[in-house]
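As a plain string of letters, each chain reads:
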Amino acid sequence: MTTDPNASDERSTRTDEHDERSADATPDDGTGTPADDAGPADDEPEIVDGRTIEHLLTDHERDIASTAEGTDATAAKRPTLDLPRLELGRRDFMKAGAAVGAMSGLAGCTSILADEEGDDSGSAAASGEHKVAPGEHDEYYGFLSGGHTGEIRVVGIPSMRELMRIPVFQAESARGYGHDAKTSQMLEEEGDGHVWGDTHHPRVSQTDNDYDGRWLFVNDKANGRMARVDLEYFETDAITNVPNCQGVHGACMQLPDTQLVFGVGEFRVPMPNDGRDVDDPDEYGSVLTAIDPETMDIEWQVEVDGNMDNGDGGKEGRWFFATGYNSEEGVTESEMTQADRDYVKAFDIPAIWDAVENGEYEEISGVPVVDGTMDSSLNEGDRPIVRYVATPKSPHGVSVTPDGNYAIASGKLDPSCTVIDIEAIAEVDDPQEAIVGQPRIGMGPLHTAYDGRGHAYTTTFIDSEVVKWDYEAAVEAEAGSEEPVVDRHDVHYNPGHLIAAESYTASPQGDYLISLNKLSKDRFLPVGPIHPENDQLFHIGDDDAGLELIKDKPSYPEPHDASVVHKDKIDPAKTWDTDDYEIDYVAEGEESFERIDDSTVEIEMWARRNEFSFPEVTLQEGDEVTLRISNVETTSDVIHSIAIPEYDINLALAPQDTREVTFTADEPGVFWAYCAYFCSALHLEMRSRILVEPDE
Ligand code: RUQ
Ligand code: CUA
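So, here is what we can say about the structure in this document. (Residues numbered from 1 in each chain as written. Chains lettered and ligands numbered in written order. Predicted model: local features only at pLDDT ≥ 70, side-chain atom pairs only at ≥ 80, totals over all residues. Heavy atoms only, no water.)

## Focus: the overall build of the protein
Threshold: Only DSSP runs of H or I with at least four residues qualify as helices, and only runs of E with at least two residues qualify as strands; both kinds are numbered from the N terminus onward. For every residue, the accessible area obtained with a 1.4 Å probe (protein chains only) is divided by the maximum for its type, and the residue is called buried under 20%, exposed over 50%, and partly exposed between those limits. In what follows, residue pairs with any heavy atoms lying within 4.5 Å of each other are defined as contacts. Areas reported here follow the Shrake-Rupley algorithm with a probe of radius 1.4 Å; residue values treat only the protein chains shown as occluding.
Per the secondary structure count, the protein includes ten helices and 42 strands. Counting the 696 residues in the protein, one finds 59% classified as buried. Here the analysis covers contacts within the protein between residues at least 6 apart in sequence; of these, 60% occur between residues at least 24 apart. In the form shown here, the protein has an accessible surface area of approximately 27,100 Å², with 47% of it arising from carbon and sulfur atoms.

## Some words on the pairing of strand β30 (residues 533-539)
Operational definition: Two strands qualify as a pair provided DSSP detects at least 2 bridges between them.
For β30, the buried fraction is high: seven of the seven residues fall into the buried class. The alternating pattern of β30 places E533, D535, L537 and H539 on one face and N534, Q536 and F538 on the opposite face, and all of these are buried. Looking at chain direction, strand β29 (residues 512-517) and β30 are connected through six bridges and run antiparallel. Counted as the bridge partner of S515 is Q536 from β30. As judged from the seven bridges shared by β30 and strand β31 (residues 548-555), these two strands associate in the antiparallel manner. Looking across to β31, one finds that N534 is bridged to P554.

## Structural notes on the side chain of S520
Quick reminder of the rule: Definition of a polar contact: a pair of N or O atoms within 3.5 Å, with one able to donate and the other able to accept a hydrogen when the atoms are protein atoms, and with sequence-neighbouring residues admitted only if both atoms are side-chain atoms.
With respect to the helices and strands, S520 occurs in the loop between β29 and β30. A polar side-chain atom of S520 sits 2.6 Å from the main-chain carbonyl oxygen of P532. When near neighbours in sequence (up to four residues on either side) are disregarded, S520 contacts H492, Y493, H531, P532, E533 and N534.

## So, the nonpolar core
Selection rule: The set of buried Ala, Val, Leu, Ile, Met, Phe, Trp, Tyr and Cys residues whose side-chain atoms join them within 4.5 Å is what this entry labels a nonpolar core.
F143, I157, L216, L231, F234 and I514 are the most contacted members of the largest nonpolar core, which totals 36 residues. Mapped by element, the contributors of at least two residues to this core are β3 (140-145), β4 (151-157), α6 (181-189), β7 (210-220), β8 (225-230), β29 and β32 (562-566). Counting 27 residues, the second largest nonpolar core, distinct from the first, contains I603, I649, L651 and A673.

## Things to note about empty space enclosed by the protein
Threshold: Of the grid points, spaced at 1 Å and generated over the protein atoms alone, those admitting a 1.4 Å probe that cannot get out make up cavities, while open sets with protein on both sides within 12 Å along at least five of seven lines make up pockets; any residue with an atom within 4 Å of a point is treated as lining. Grid points are joined across faces, edges and corners, and a volume is the space filled by probe spheres set on the points. For this scheme, ten residues count as nonpolar: Ala, Val, Leu, Ile, Met, Phe, Trp, Tyr, Cys and Pro. Four count as charged, namely Asp, Glu, Lys and Arg, and the remainder, Gly too, count as polar.
A full pass over the atoms with the stated rule returns five cavities of 30 Å³ or more. In this model, the largest cavity occupies a volume close to 100 Å³. Along the wall of the largest cavity there are 16 residues; nearest its centre are R203, V398, H447, H497 and Y504. For the lining of the largest cavity, the per-class residue count stands at six nonpolar, nine polar and one charged.

## Focus on a negative patch on the surface
Condition: Patches were defined on residues exceeding 30% relative accessible area and lacking a salt bridge, with like-charge contacts within 9 Å and nonpolar side-chain contacts (Val, Leu, Ile, Met, Phe, Trp, Tyr) within 5 Å. A side-chain nitrogen of Lys or Arg and a carboxyl oxygen of Asp or Glu constitute a salt bridge if their distance falls within 4 Å. Only four residue types enter the tally: Lys and Arg on the positive side, Asp and Glu on the negative side, with His and both chain ends excluded. Where a charge sits is defined by one atom per residue type, namely NZ (Lys), CZ (Arg), CG (Asp) or CD (Glu).
A grouping of E232, D571, D577, D579 and D580 is seen on the molecular surface, where their side chains present a negatively charged patch. Residue position: D571 is located in the loop between β32 and β33 (592-597).

## Some words on the site of ligand 1
To keep it simple, the criterion reads: Any residue with a heavy atom lying within 4 Å of a molecule or strand is counted as near it.
The immediate surroundings of ligand 1 are formed by H200, H201, H249, N310, H396, H447, G496, H497 and H560. Residues of the shell around ligand 1, tallied by class, amount to no nonpolar, nine polar and no charged.

## Here we look at the sheet that holds β4
How we decide: Axis lines are fitted to C-alpha atoms, over the contacting stretch for helices. Their N-to-C directions set the angle, which ranges from 0 to 180 degrees.
Read across the sheet, four strands follow the order β5-β4-β3-β32 without closing on themselves; strand pairing throughout is antiparallel. On the outer flanks of this sheet lie β5 (162-167) and β32, each paired with one strand and no other. Strand-to-strand twist of the sheet, defined as the mean angle between neighbouring strand axes without regard to direction, takes the value 20°. Examined bridge by bridge, β3 and β32 share five bridges and lie antiparallel to one another. Within the sheet, the bridge partner assigned to Y141 lies in β32 and is V565.

## Re the layout of surface pockets
Considered as a void within the structure, the largest pocket measures approximately 1,200 Å³ in volume. What lines the largest pocket is a set of 37 residues, among which M164, Y233, F234, P572 and A573 lie closest to the centre. Going through the elements one at a time, β3, β4, β5 and β39 (649-653) are the ones with two or more residues in the lining of the largest pocket. The residue inventory of the lining of the largest pocket, partitioned by class, reads 19 nonpolar, five polar and 13 charged.

## Structural notes on the sheet that holds β8
What the four strands build is an open sheet, ordered β6-β7-β8-β9; its pairing is antiparallel. What marks the edges here is a single partner per strand, and that holds for β6 (203-207) and β9 (235-241). This sheet shows a mean twist of 30° between the axes of neighbouring strands, independent of strand direction. Here β7 pairs with β8 via six bridges, running antiparallel. When the bridges of β8 are listed, N219 appears paired with M226. Relative to β9, α6 is tilted by about 25°, and along the sheet it contacts β8 and β9.

## Remarks on the environment of Y581
Residue position: Y581 is located in the loop between β32 and β33. Exposure remark for Y581: the relative accessible area of 13% places this residue in the buried category. Each C-alpha atom of the pair Y581 and D657 lies 8.4 Å from the other, and the pair is 76 residues apart in sequence. Other than its neighbours up to four places away in sequence, Y581 contacts W576, Q656, D657 and T658. A polar contact of 3.0 Å, which involves the side chain of Y581, links it to the side chain of T658.

Okay, here's the thing in structure tokens:
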């Protein structure tokens, strides 16, 4: 990173070099790897029925618009995709389903889809297998991001029952999050005054490439933060504000033992973003951020060329992969989609640590920033810190196979996935030689999950499918071949992420998979113009039966990604342990009301069924009051709260928990504090009268 005013010329040169590199990556560089003759990857835009992918994308956008109106204005012009078993254009099909629903009042187009897919009625779904009876527990925890609600949702799988929500970047009254001193300070100090976030990628910590149930980490795409959720208490316990970038998009960690947590910077901005270079996009940068999982302190950042997007860590700890788009470093959609290839960046973590330890960085906004751009001196020689692997086109998701052998990137604007051999990355001279497979998956491939039996499952956003394929077969096959595909199943509609049980570990469970679909259209009762999304659960455990659709779950906007963890690997607390928080517990008999001076009061109190230690509290107008309160119950699930509406406070109190809050009694009057958790037969009577006497 440089702040040299002459540097913009250097940057332009670098951009030109991108194009050269893209050109280098085309067929006749003589390496003889499948990447070299990847049909869709070449410089010519791929043509489907005489139309480019860009045209198809435009059609797709128009179809979404026309379907919403129930019209069929574009039907005549719509092309048919040349995918097997789809005589009808996929979007024709969606439209047909929506139109039937609209005209006849039928709830959705399930029957039509069942016909096309082969009837699902004999499947596990119809037979009632995978049901979880009332009172029974699920097999898995699903941790879903909540998108721009800023939260995490906890769902039981396979029931898909929502078990809990964990607020992360937004205050939330039912859990008292952002109401007590500790959590409100965390939100304020690490939030620059922002009141919301955009969570995309929840990843659970691992030890030895398996879930250890300790923490969950998640990004904030909106305001460039990373957060940690403590999975003993299912509560956010740390937030880190990441400088030198706007949004943190991809999030995951260095494996096998969660040595580092990574945030993948997306939007390019000047570094630091303090008013310099505002209209000089060549000077903007994008960074990968490495965070210590214990302290949540930032260790270093690496600046790269182009936008980054998603990421995943190799299983052996050396490599971290991030996809990227906008190698053009443009600022408009058309500028960002010119090149037919963008890059998967392979970060060599030990080499980056060496650079940091040798002082080969620039400190920006208090963080060591290592230069990992293409023409950085740190990328010369035999141990470059970042290897740029050109893949088609604006690759989106990247995930490492459970055996640790491959990183698979999804083409997004190209129908292929790219299989990168992780061991080869370290050995080859030209990173393109590490590309060992490039199967044709379908239109708009976004994300890939694994079952541990050698299958990859990729969502195709435009085709609205989950496509199951064999990744070793893809290594054997010609680039561009559809042969590795073993099954495909419609989803409803337009899937983003998908996640299989424990897919991010070295040993996925291989039984369930959730497709997180962005559009639900007519699948549910209408609820106004903002529709829920649709999370669809599949059973994938029987390779003969193929993908079996079990369940639709309407989902509040909007989950992006999820981690699915076996129930035995999570060990939540039933009550609080008083050693686990920094403030002192207030036992029965230890309650106190202390006037420190003319305008300062400290209250220590407790709550139990059906009373607060003080039935009334008398204050003077203008008093600054610090109130600490413990729930002295020891019985699980006896939760109280202290709601003081006048001061916008609701502290949720699980058994043995203690919370603190400070407020100013700025208006005279009588204000009832009450318990907002329905805790007992006399819950309504559980209250305390706050008398604020007027200032004379
Ligand atoms: S992204 S729908 Cu934010 Cu993970 Cu791909
Ligand atoms: Cu305590 Cu209601």
